[in-house]
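# Structural description and commentary
Spelled out from the first residue to the last, the chains are:
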Amino acid sequence: MTTQRLKRVLTAAAVFTTAAIVLSGCTKVEEGDAASSFPEKDIRLIIQANPGGGSDLSSRALATELEGILDVSVIPENMPGAAGALAMEYVAEQDPDGYVIGFGPVEIAMLNTTQDANVLPENFDLLGQIMLAPGVITVSASSDIETLEDLVEQSKTAPITVANSGAGSIWEAASIALGQETGGQVTPVPYDGGAPAVAAAASGETVAAVSGLGEALSQGSAVRILAVMNDERHPDAPDVPTVEEAIGADVVFGGWGGIYAPAGLPDDVHATLEAAIKEAVESDTYTKFQEDAGNLVVYRDSAEFTTFVEDQFALFQDLLG
């Protein structure tokens, strides 16, 4: 090969190589742009309950914060039915692109056991926990039962009725667990919600009730709160002991909630949503909303929340299965 011809070949190869590098660089930039472009349109937030309840209000408070963080509309959409299974099964069936997410209450770990619903942890990308409403045990203010120890001792001599927010609810599960942990005879009595359950205890219709703290506080001086089912005291009831403080039993139950999406989100979408949820939960406005509602702001990231839900799922299978 002549020297001149060799130079032409080398020059062509160099041009080809340079073009390939440029194209490769362009491709990488384009891929980066695509990865960082989420979200490009509105996000639907599916709520498993009717408007006005705790799940709905927590979801809407979070959605307001997410809109400012993600710079798109986050549209709450109520989809009640089948104790929440309708909404959860719906979300699980959507494309895992991040544009449909849901509020998942504690029932997301219960419904497969209590209703044989197709609601399993592996059906979802669990993005983060956003709140907790610890359970409390109450009796009528006129009751002779002054402490949780008194209640437990009575339950060991004869069955006691304990009102809860409905068959298969978190508060029914908490009532059953209290009996199992203490060896007492506890008969759960379902009512249509936590407020009616506490009212039943206040009137003496049942011996006691298990509910959220807010529902107990709404009864004012008509009830006596014996203990909080949390690992620490509630700031809105600092004089009320935990169950462990009161009787030495580790009984922790609460109406927690978090955000989830269909399983299989792209990594960048998952990371964007997880970070936005964390920022929203830690905002002053959201924190004040939950405090005013009598709830605790409890955040768990995606990995922690996933482990927590899986543990809760196993717990309810054992307790209610």
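Keep in mind that this is a model prediction, so the values were computed, not measured.

On the basis of which strands lie adjacent, the open sheet formed by five strands has the order S7-S6-S8-S5-S9 and mixed pairing. Strands with a single pairing partner mark the edges of an open sheet, and in this sheet they are strand S7 (186–190) and strand S9 (223–229). Along the sheet, successive strands turn relative to each other by an average axial angle of 30°, direction set aside. Strand direction decides the pairing type here: strand S5 (residues 135–140) and strand S8 (residues 208–212), joined by four bridges, are antiparallel. Along S8, the bridge assignment pairs Gly135 with Gly212. Where helix H7 (residues 194–203) meets the sheet, it contacts S5, strand S6 (160–164), S8 and S9, and its direction lies at approximately 150° from that of S8.

Glancing now at a negative patch on the surface. A contiguous patch of negative charge, built from Glu181, Asp231, Glu232, Glu244 and Asp250, is present on the exposed surface. If you trace the backbone, Glu232 turns up in the loop between S9 and helix H9 (243–247).

For the rest of this paragraph, the subject is the sheet that holds strand S3 (residues 100–105). Spatially, S2-S1-S3-S10-S4 is the arrangement adopted by the five strands of the open sheet, whose pairing is mixed. At either end of the open sheet lies a strand with only one pairing partner, and these are strand S2 (74–78) and strand S4 (124–131). Recorded for the sheet is a direction-independent mean angle of 30° between the axes of neighbouring strands. As defined by bridge partners, strand S1 (residues 43–47) adjoins S2 across five bridges and the pair is classed as parallel. Bridge assignment links Ile43 to a residue of S2, and that residue is Val74. On top of the sheet, helix H2 (residues 54–70) reaches S1, S2, S3, S4 and strand S10 (257–262); it is set at about 160° to S2, its chief contact. Together, S4 and S10 form the strand contacts of helix H12 (residues 302–320), whose direction differs from that of S4 by roughly 95°.

Next up on the list: the packing of helix H6 (residues 170–182) against H12. With their axes 11 Å apart at the nearest point, H6 and H12 run at an angle of 65° to one another. The pairing of H6 with H12 is recorded here as roughly perpendicular in orientation. The interaxial crossing formed by H6 with H12 has left-handed handedness. Judged by residue contacts, Ile170, Ala173, Ile176, Ala177 and Gln180 of H6 engage Phe316, Leu319 and Leu320 from H12.

Let us now look at the confidence of the model for the chain. A residue-level look at the chain finds 89% of positions with pLDDT of 70 or above and a mean pLDDT of 89. Below pLDDT 50 for its whole length, residues 1–35 participates in two contacts with residues either more than four positions away or in separate chains.

Before going further, it helps to spend a moment on helix H5 (residues 148–157). If you check which residues of H5 are buried, you get Leu148, Leu151, Val152 and Ser155. Down the axis of H5, the buried set is contained in an arc of 95°. They therefore lie on one face.

Tracing the backbone shows Asn295 in the loop between helix H11 (284–292) and H12. Every residue in contact with Asn295, bar those within four places of it in the chain, is listed here: Met131, Leu132, Ala133, His234 and Gln290.

Turning next to the pattern of salt bridges. For the structure on display, the rule yields six salt bridges. Between Arg60 and Asp56 there is a salt bridge; the shortest N-O distance is 2.8 Å. Within this pair, Arg60 and its partner Asp56 are both found in helix H2, separated by four residues, close to a single helical turn. The exposure class assigned to Asp56 is buried, which follows from its relative accessible area of 2%. The salt bridge involving Lys278 is made with Glu282; its shortest N-O contact spans 3.0 Å. Overall, Glu282 belongs to the partly exposed group, its relative accessible area being 48%.

Moving on: the environment of Ser283. Along the chain, Ser283 turns up in the loop between helix H10 (267–281) and H11. Separated by 218 residues in the primary sequence, Ser283 and Glu65 have C-alpha atoms spaced 7.7 Å apart.

By size, the foremost hydrophobic cluster in this structure holds 51 residues, and its most contacted members are Ile108, Ile137, Leu151, Met229, Phe253 and Trp256. Grouped together as the second largest cluster of nonpolar side chains are 27 residues, Leu62, Met131, Val269 and Leu273 included.

Of note, Asn112 is situated in helix H4 (residues 111–114). Under the relative-accessibility criterion, Asn112 is labelled buried at 18%. Engagement of the side chain of Asn112 in a polar contact is seen with the backbone oxygen of Ala117, the distance being 2.8 Å. When near neighbours in sequence (up to four residues on either side) are disregarded, Asn112 contacts Ala117, Val119, Leu120, Phe313 and Gln317.

This next bit is on unusual backbone geometry. At the junction of Phe38 and Pro39, the peptide bond is cis and its omega measures out at -5° in the coordinates. Structurally, the position occupied by Pro39 is in the loop between helix H1 (3–35) and S1. Positive phi, close to 55°, is recorded for Ala82, a residue that is not glycine. Even without a glycine there, the phi angle at Ala83 is positive, about 60°. With respect to the helices and strands, Ala83 occurs in the loop between S2 and helix H3 (85–92). What makes Ala83 partly exposed here is its relative accessible area of 47%.

Rules behind the numbers
- Residues numbered from 1 in each chain as written.
- Predicted model: local features only at pLDDT ≥ 70, side-chain atom pairs only at ≥ 80, totals over all residues.
- Heavy atoms only, no water.
- Pairing = 2+ DSSP bridges.
- Helix = DSSP H or I, 4+ residues; strand = E, 2+ residues; numbered from the N terminus.
- Axes fitted to C-alpha atoms, helices over the stretch in contact; angles between N-to-C directions.
- Contact = heavy atoms within 4.5 Å.
- Patch = residues over 30% accessible without salt bridge, like charges linked within 9 Å, V, L, I, M, F, W, Y side chains within 5 Å.
- Areas by Shrake-Rupley, 256 points an atom, 1.4 Å probe, with all protein chains shown as cover.
- Salt bridge = Lys/Arg side-chain N within 4 Å of Asp/Glu carboxyl O.
- Lys, Arg positive; Asp, Glu negative; His and termini not counted.
- Charge placed at Lys NZ, Arg CZ, Asp CG, Glu CD.
- Parallel < 35°, antiparallel > 145°, perpendicular 65-115°, else oblique.
- Left-handed = near helix turned anticlockwise from the far one by under 90°.
- pLDDT = per-residue confidence, 0-100.
- Buried < 20%, exposed > 50% of the residue type's maximum accessible area, 1.4 Å probe, protein only.
- Arc of directions from axis to C-beta.
- Core = buried A, V, L, I, M, F, W, Y, C linked by side-chain atoms within 4.5 Å.
- Polar contact = N/O pair within 3.5 Å; in protein donor to acceptor, adjacent residues only side chain to side chain.

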